[in-house]
Amino acid sequence: TEIYALFGHTALRYEDTARGEDWVFNYGMFSFNTPRFIYRFVKGETDYELGVTRYPYFEGSYAMRGSSVYQQTLNLTISEKQKLRRLLEENYLPKNRVYRYNFFYDNCTTRARDIIEKCIEGKVVYSEGKERLSFRDIVHQYTKGHEWDELGIDMCLGSEADKSIDTRKQMFAPFYMLEAAKKATIVVGDSVRPLILHEKKVVDVEPEDVREGFPLSPMVCVFILIGVTCFVGWLQFKIRKIIWIWDLLLFGVQGLAGCVITFLVFFSTHPTVGSNWLILLLNPIPLIYLPVMVYRAIKGKKDYYHTINIVCLTSFMMIMPFIQQKFNVTVLPLALCLLICSANHVLLYYRQNNK
């Protein structure tokens, strides 16, 4: 049910029955209690670490939360198994276990894949993945049915997330890694062997019931917002006065969302967020200008901001189809809502001054 758990997870199990060892090496450990966790996460400075636990505890925790676990047994030689164990132990040293996490390029799955490849004496060859897939396409596959989570992720990702990615980059997603490993081979000179000996489901449980979230979808909320904006516009015409509290709410939220987008574009080290064309719609300008906007609305003075806003929003909606970025379906109606609000201001001003 947590957003970070929607995409699956990858860990490495090391079992030595002769020595009675059965460990799980997990590159996905993090703590919400880390100082300034939210700020560091948004800025792209989230640190994860390698954790080690006994397999029964790992299995039990996944079974309790309703998550099935698939196990692929690696087709390694004795020396490769020993090297993998040494590499994992070296990674677990205090000076090595913490790493700078990156959702697309350096996560629990890519770390597991990379360390397996390091222990192999030959080369791992993967078959071609699905064609014409982007990071955003894969993210959408796992956020299906979680519309608010999908909206939040879509708002943060830029046009770079819509470029086609190759097989190796697709492996950032655990289930794509699972499928790639099934068909992968290890090539050593003229010798070829499969990477995976066999696969089985070691934890087979029914998923837990998803907690009911907000009952309305983002699209329904945006259309309600458009309806309220039209009603406020009609009411303003009726009373011949700007309802400035609505401006405070609507443009204030736009500006606050714009602060997040602007921070991601200019300050975050996350890849794929710096090319976000949504900054044309969501930026801090409305928030900065809001006091002047409210003052002029209360005094009934002409505000050129709304005329400029109409031109900018119209231009944005016209160029949207030509921008190489997939926008969330709510973006167009949201832009229309802001356009209606500014148009109401302009029309009411001319009505008041042309009695």
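Now for a quick tour of the structure. Throughout this document, residue positions are counted from 1 along each chain, in the order its sequence is written. Only residues with pLDDT of at least 70 get local features here, since the model is predicted, and only at 80 or more are side-chain atom pairs given and counted; chain-wide, interface and lining totals rely on the full set of residues. To get the side-chain values, all heavy atoms of the structure are used, and hydrogens and water are removed first.

**A word on the overall build of the protein chain**
Counting from the N terminus, the helices are the DSSP runs of H or I reaching at least four residues and the strands are the DSSP runs of E reaching at least two. A count of helices and strands for the protein chain gives 13 helices and nine strands. Computed over its C-alpha atoms, the radius of gyration of the protein chain comes to 26 Å, more than 25% above the 20 Å expected for a compact globule of 355 residues. Dimensions of the protein chain, computed from C-alpha atoms along their principal axes, come out at roughly 95 × 40 × 40 Å. In the protein chain, which comprises 355 residues, the share counted as buried stands at 43%. Sequence-distant contacts, at least 24 apart, represent 77% of the contacts inside the protein chain between residues at least 6 apart. As presented, the protein chain carries roughly 20100 Å² of accessible surface, and 60% of it is formed by carbon and sulfur atoms. In this description the radius of gyration comes from C-alpha coordinates, and the expected globular size is given by 2.2 Å times residues to the power 0.38. Residue burial is assigned from relative accessible area. The probe radius is 1.4 Å, only protein chains are included, and a residue is buried under 20% of its type maximum, exposed over 50%, and partly exposed in between. Two residues qualify as a contact provided that any one of their heavy atoms is within 4.5 Å of a heavy atom in the partner residue. Only the protein chains shown count as cover for residues, and the accessible areas themselves come from Shrake-Rupley with a 1.4 Å probe.

**Details of the sheet that holds strand β6 (residues 123–125)**
Either a parallel or an antiparallel arrangement is found when strands of a sheet pair, and the pairing is made through backbone hydrogen bonds. Pairing between two strands is assigned when DSSP locates at least 2 bridges connecting them. Read from one edge to the other, the open sheet built from three strands follows the order β6-β7-β8, with strand pairing classed as antiparallel. Strands with a single pairing partner mark the edges of an open sheet, and in this sheet they are β6 and β8 (191–194). Direction aside, neighbouring strands of the sheet carry axes that sit 30 degrees apart on average. Pairing geometry for strand β7 (residues 185–188) and β8, over four bridges, is antiparallel. Bridge pairing in β8 links Thr185 to Pro194. The angle between two axes is taken between their N-to-C directions and runs from 0 to 180 degrees, where each axis is a line fitted to C-alpha atoms and a helix contributes only its stretch in contact.

**Topic: the nonpolar core**
Among the buried residues, those of types Ala, Val, Leu, Ile, Met, Phe, Trp, Tyr and Cys that are joined through side-chain atoms within 4.5 Å form a nonpolar core. Ranked by size, the top nonpolar core spans 32 residues in total, and within it Leu278, Leu281, Phe316 and Val331 carry the most contacts. When residues of this core are traced back to their parent elements, those giving at least two are α6 (147–156), α9 (218–239), α10 (244–266), α11 (285–299), α12 (304–319) and α13 (331–352). It is α13 that contributes the most residues to this core, eight residues altogether. Residue contacts for Val331: discarding those within four places in its chain leaves Met155, Leu278, Leu281, Phe316 and Met320. Among the nonpolar cores identified, the runner-up in size contains 29 residues, and Tyr14, Leu76, Leu84 and Leu195 belong to it.

**Re α11**
By definition here, a helix of n residues has an expected span of 1.5 Å times n minus one. Taking 1.5 Å per residue as the helical rise, α11 with its 15 residues ought to reach 21 Å, and the 21 Å between its terminal C-alpha atoms agrees with that figure. Along α11, the residues that are buried comprise Pro286, Leu290, Met293, Val294 and Ala297. Of the surrounding secondary structure, the elements contacted by the buried residues of α11 are α10, α12 and α13. Once α11 finishes, Gly300 follows within two positions and takes phi at roughly 70 degrees, a positive value.

**As for the side chain of Thr10**
Within the secondary structure, Thr10 is located in the segment before β1 (12–16). One polar contact links Thr10 to Thr109, side chain to side chain, over a distance of 2.8 Å. Those residues in contact with Thr10 that lie beyond four places of it in its chain are Asn26, Cys108, Thr109, Ala112 and Pro174. Any pair of N or O atoms that falls within 3.5 Å is considered a polar contact. Within protein, one atom must be able to donate a hydrogen and the other to accept it, and sequence-neighbouring residues count only if both atoms are side-chain atoms.

**Considerations on the environment of Lys301**
Looking at where Lys301 falls in the secondary structure, it is placed in the loop between α11 and α12. Since its relative accessible area comes to 40%, Lys301 is described here as partly exposed. Along the primary structure Lys301 and Tyr349 are separated by 48 residues, whereas in three dimensions their C-alpha atoms are 7.9 Å apart. What Lys301 contacts, discounting residues up to four positions off in sequence, is Tyr295, Arg296 and Tyr349.

**Overview of the sheet that holds strand β2 (residues 21–29)**
Ordered in space as β1-β2-β3-β5, the four strands form an open sheet in which the pairing is antiparallel. Of all the strands in the sheet, the pair left with one neighbour each is β1 and β5 (98–100). Sheet twist, expressed as the average angle between the axes of neighbouring strands with direction ignored, equals 25 degrees. In terms of strand pairing, strand β3 (residues 47–54) meets β5 through three bridges, oriented antiparallel. Bridge pairing in β5 places Glu49 opposite Val98. Running at roughly 50 degrees to β2, helix α3 (residues 78–91) makes contact with β1, β2 and β3 of the sheet. Sitting on the sheet, helix α4 (residues 108–119) touches β1, β2 and β5, and the angle it makes with β2 is about 130 degrees.

**So, the packing of aromatic side chains**
Whether two aromatic rings pair depends on their centres lying within 6.5 Å, for rings of Phe, Tyr and Trp, where Trp uses its six-membered ring; planes under 30 degrees apart make the pair stacked, over 60 edge-to-face, and the rest tilted. Evaluated as defined, the whole model comprises 22 aromatic pairs. Between Phe58 and Tyr62, the ring centres sit 4.6 Å apart and the planes meet at 35 degrees, which makes this aromatic pair tilted. Of the two residues, Phe58 and Tyr62 both sit in helix α2 (residues 55–65), four residues apart, roughly one turn of that helix. Judged by its relative accessible area of 12%, Tyr62 is buried. Ring plane angle 80 degrees and centroid distance 5.5 Å describe the contact between Tyr105 and Phe135, whose orientation is recorded as edge-to-face.

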